[in-house]
Amino acid sequence: MNKEKRLQILTRLRDDNPKPTTELNFSSPFELLIAVLLSAQATDVSVNKATDKLYTIANTPQAILDLGLDKLKSYIKTIGLFNTKAVNTLKTCQMLVTLHAGEVPEDRAALEALPGVGRKTANVVLNTAFGWPTIAVDTHIYRVSNRTKLAMGKNVDLVEQKLLKVVPKEFKVDVHHWLILHGRYTCIARKPRCGACIIEDLCEFKDKTSD
């Protein structure tokens, strides 16, 4: 895929959704961090249902620590892998209180040092909470990038590197959100909705559908 075609794709996505954001509910960097931590192998809808109740009771590291493990589990038990996530959430909250005065650090290394927080989660927090031009590559973005030929790579890290290289600066802050939403609702895994796609004529996927 050439530079001009990439520019057209990104321009159309921007025109269609000028101010994209995550579908996770949050009102602070901490709420976002915990929501993203809980969202691994779970839907945003299931996470929102849990955190909407949790955050009315506890939405700071200390408040969640005060809940304790069993009470925390009772709020997130509908989310997949909730036992492990509850343990990691409490460990993360303890580190935030002990090392960062209860605040979410605007620092990649510090974020990735938190239990349950990997590169993807750090990218989401840095991008969505702090406005960094980072690109968190999940399964949706990996699929869309490879399928359209926008940025091809054999794993998520390679796709992230390629996107950072080929996406112009003016699009970098928002491209994560455009691609994840496109993958979630249009360029879906089993049968992409090519007939309803605003970039269908620019996409280089060979097996397009008429839907």
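Please read all numbers here as calculations on a predicted model, not as lab measurements.

Reading the values: the criteria
Residues numbered from 1 in each chain as written. Predicted model: local features only at pLDDT ≥ 70, side-chain atom pairs only at ≥ 80, totals over all residues. Heavy atoms only, no water. Helix = DSSP H or I, 4+ residues; strand = E, 2+ residues; numbered from the N terminus. Rg over C-alpha atoms; globule rule 2.2 N^0.38 Å. Contact = heavy atoms within 4.5 Å. Areas by Shrake-Rupley, 256 points an atom, 1.4 Å probe, with all protein chains shown as cover. 1 Å grid on protein atoms, 1.4 Å probe; cavity = no way out; pocket = protein on both sides within 12 Å on 5 of 7 lines; lining within 4 Å. Points joined across faces, edges and corners; volume = space filled by probe spheres on them. Nonpolar A, V, L, I, M, F, W, Y, C, P; charged D, E, K, R; others polar. Buried < 20%, exposed > 50% of the residue type's maximum accessible area, 1.4 Å probe, protein only. Polar contact = N/O pair within 3.5 Å; in protein donor to acceptor, adjacent residues only side chain to side chain.

Trainee: Now, about the overall build of the protein chain: what can you tell me, with residues and values included?
Mentor: A tally of helices and strands in the protein chain yields 11 helices and 0 strands. The helix and strand sequence of the protein chain, counted from the amino end, reads α-α-α-α-α-α-α-α-α-α-α. Relative to the compact-globule value of 17 Å for 211 residues, the protein chain shows a C-alpha radius of gyration of 18 Å, a close match. At a minimum sequence separation of 6, the contacts of the protein chain that also span at least 24 residues come to 57%. Surface exposure of the protein chain reaches about 10,600 Å², of which carbon and sulfur atoms provide 53%.

Trainee: Outline empty space enclosed by the protein, supporting the account with residue identities and numerical values.
Mentor: According to the stated counting rule, one finds 1 cavity of 30 Å³ or more in the structure shown. Within this model, the largest cavity holds a volume of roughly 90 Å³. As for the largest cavity, its lining consists of 13 residues, of which Cys187, Pro192, Cys194, Cys197 and Cys203 are closest to the centre. Looking at side-chain class alone, the lining of the largest cavity contains 6 nonpolar, 3 polar and 4 charged residues.

Trainee: Would you mind going over the side chain of histidine 176 in detail, with residue names and values included?
Mentor: By the element assignment, histidine 176 lies in helix α11 (residues 172–185). Judged by relative accessible area, histidine 176 falls into the buried class, the value being 6%. Here alanine 136 takes part through its backbone oxygen, which lies 3.0 Å from a polar atom of the side chain of histidine 176. Every residue in contact with histidine 176, bar those within four places of it in the chain, is listed here: Val124, Asn127, Ile135, Ala136 and Ile141.

Trainee: Explain the side chain of threonine 92 residue by residue, including any values.
Mentor: For threonine 92, the position within the fold is in helix α6 (residues 82–100). Excluding anything up to four places from it in sequence, threonine 92 contacts Leu33, Leu37, Leu114 and Pro115.

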